[in-house]
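Residues per chain, in single letters:
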Amino acid sequence: MSRRLKTLPGSGVAAALVALGLAGAWLYASPGSGEGRTCALGETRLGGFVDIPGGGFVMGVDPVFPGEGPPRKVFVSPFGLQAHEVTNSQFAAFVAETGYITEAERHGGSAQFAESDTPEVFLSWWSLDAEATWRTPDGAGSELAGRALHPVVHVTLNDARAYAAWAGGRLPTEVEWEYAASLGLFDPMDPESGVRTPDGTLRANIWTGLFPVVNSRRDGFSGTAPVGCFEPGLTGAYDMIGNVWEWTDTPFAPAVPRFTIKGGSYLCSEDYCQRYRTAARESLEQDFSTAHIGFRIVRGAKDDT
């Protein structure tokens, strides 16, 4: 894996934060900071799958950013979808049995989102932390204590594929992921109904406040949340929107050596990113990892549409 800091999901030009007098005025708390909510599925409910029926849907509706759309009708075979993102405890079981070493551990770390004195400069939000791995999600000195039920992060697509094979599954295609997320929407006519109710109550773990300088934590979290803290979608699957981006096994575009990630993360906000729509998509190299990308697995038929 190249050790340069690669282009990260949600890239773009930030608002004129300096003009607003906000440079250096960060209220961001690290993903490992204590949160005020107690929630999670519980170990006894981990690893469950929901049945996604076969059918057709319009993929890529209401494209907003380059690389999204065009809308097209797609048919999908039935499959099983893990009801939640793969957790640290699940990944730890895989590592304990197989001795697997992730690419971040083997090749010098992973990308971290952190405080910056120049928040108007996108690349200043991120750094390549040689000590950031799935075991030490906040870098040197951090650990998994209290995070067993949080989604595993700092895993590459290759790492996720290895776990999926061990667990008797595979990664979803982008078609499958978007279809399942679309079926889970509370209001099919509102592409953002997965993130909030009509009265504004949050249904997902996203950034609340002015990104990237003020995180109000209105959703109860500054970083990742334990899986199952927010109500499931209509399919019974949790956290399809927000919390962490999720790897799919679909190339992003012809001649682009990246794979598609879906769902947005705790760094997506109303004033920046806005990729918490089911049709939104981003990409990353398959051998690169970050603090806000995880995955879930599927079982059953595979659509290569």
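Residues numbered from 1 in each chain as written. Predicted model: local features only at pLDDT ≥ 70, side-chain atom pairs only at ≥ 80, totals over all residues. Heavy atoms only, no water.

**Describing the overall build of the chain**
Looking only at helices and strands, one finds 4 helices and 11 strands in the chain. Buried positions account for 54% of the 305 residues belonging to the chain. Carbon and sulfur atoms form 55% of the exposed surface of the chain, whose accessible area is close to 11,800 Å². (Helix = DSSP H or I, 4+ residues; strand = E, 2+ residues; numbered from the N terminus. Buried < 20%, exposed > 50% of the residue type's maximum accessible area, 1.4 Å probe, protein only. Areas by Shrake-Rupley, 256 points an atom, 1.4 Å probe, with all protein chains shown as cover.)

**Side note on helix α3 (residues 157-166)**
Restricting attention to buried positions, one finds in α3 the residues L157, D159, A160, Y163 and A164. The arc that holds every buried residue of α3, seen down its axis, measures 155°, which confines them to one face. Residues of α3 that are buried sit in contact with α1 (88-98), α2 (103-107), β7 (245-253) and β8 (256-262). In this structure T156 caps α3, since a side-chain oxygen of it lies 3.3 Å from the backbone nitrogen of N158. Of the residues trailing α3, G168 is marked for its positive phi of about 80°. (Arc of directions from axis to C-beta. Contact = heavy atoms within 4.5 Å. Polar contact = N/O pair within 3.5 Å; in protein donor to acceptor, adjacent residues only side chain to side chain.)

**Re the pairing of strand β4 (residues 79-82)**
Residues F79 and L81 of β4 are buried on one face, and the alternating residues G80 and Q82, pointing to the opposite face, are buried as well. Relative to β4, strand β1 (residues 49-52) is paired through 4 bridges, and the arrangement is antiparallel. Of the residues in β4, the one forming a bridge with F49 is Q82. (Pairing = 2+ DSSP bridges.)

**Some thoughts on the sheet that holds strand β9 (residues 282-284)**
The strand order β9-β8-β7-β10 describes an open sheet built from 4 strands, whose pairing is mixed. Each edge of the sheet is formed by a strand with only one pairing partner; in this case those strands are β9 and β10 (293-294). Relative to β10, β7 runs parallel, the two being bridged by 2 bridges. Bridge pairing in β10 links W245 to I293.

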